[in-house]
Each structure stands twice: as structure tokens, then as C-alpha cells.
Amino acid sequence: MLKAVHVVYADWCPHCVPTTVEPLRRAAKELGVPIVLHDIDAADVKKADELVETYGDWTPDYLVPQVFLEAEDGKIEHVLTGDPRGVPMTRQAVEALVKGMLSNR
């Protein structure tokens, strides 16, 4: 059972805002779970780094966005990293993720 959606992002990144954050915000609302946004350029960077290093695609200058699903049992699953080939590719991946999340409820 899904407990929360976590998004590691940057406000300046077109892969993140609005490409990833907005669709996931709508999906989380529809699923009745919170979305937790971790801005890499804010005080929350330590939590963002911890999520990515522990569960995601970690390098010292990691790609954003990265999306994680937190289950009721505390398990965290990395489900998406922005696609460096371009915003359209990230948009496709986000659309597929949202479709899957909504169909699995």
C-alpha cells in the first residue's frame, strides 16, 4: 500500500517543473497520498541526497528529477530518474509512471 510519493527536484530544471512535479502532484492527490518534494537547492538537500544515495541513481552530481514511492511498511522504491536525452523523454517516462500508479490502486 502506497504511503507517499517523494520527488527529488530543482525548481530551475525543466525536467522537474512542471514536467514531473505537476503530474505526480495530481496523481498523489487522486490516490489520496501526500507528495513530498525535496528541493536540492534548499535546506532539504540533505534528505534529497540521502534518498538518492540510498535508493536512487547516485553520483555526486546526480540527475534530477528522481522519484521514489514509499510503502506503508517503510520500504522505498526508486521508480524514475529524469532522462538526459531531453524533456520529451522524461515526460514520456512520467506519463507511464503515473498511468501505472493509477492503474495499480
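Worth saying up front: this structure is predicted, and the values here are computed from it rather than measured.

Time to look at the overall build of the chain. Counting secondary structure elements, the chain contains 3 helices and 4 strands. Taken over C-alpha atoms, the radius of gyration comes to 13 Å for the chain, in line with the 13 Å a tight globule of 105 residues would show. On the principal axes, the C-alpha backbone points of the chain span a range of 35 × 30 × 20 Å. Across the 105 residues of the chain, 40% fall into the buried class. Surface exposure of the chain reaches about 6,000 Å², of which carbon and sulfur atoms provide 54%.

Omega for the peptide link from V17 to P18 comes to 5°, which places this bond in the cis form. Within the secondary structure, P18 sits in the loop between β1 (2-9) and α1 (21-31). P65 follows V64 through a cis peptide bond whose omega is 0°. Its place among the elements puts P65 in the loop between α2 (45-55) and β3 (66-71).

Taken as a whole, this structure holds 1 aromatic pair when the rule is applied. Relative to Y62, the ring of W58 has its centre 5.5 Å away and its plane inclined at 40°; by these criteria the two rings are tilted.

Calculation rules
- Residues numbered from 1 in each chain as written.
- Predicted model: local features only at pLDDT ≥ 70, side-chain atom pairs only at ≥ 80, totals over all residues.
- Heavy atoms only, no water.
- Helix = DSSP H or I, 4+ residues; strand = E, 2+ residues; numbered from the N terminus.
- Rg over C-alpha atoms; globule rule 2.2 N^0.38 Å.
- Buried < 20%, exposed > 50% of the residue type's maximum accessible area, 1.4 Å probe, protein only.
- Areas by Shrake-Rupley, 256 points an atom, 1.4 Å probe, with all protein chains shown as cover.
- Phe/Tyr/Trp six-rings, centres within 6.5 Å; stacked < 30°, edge-to-face > 60°.

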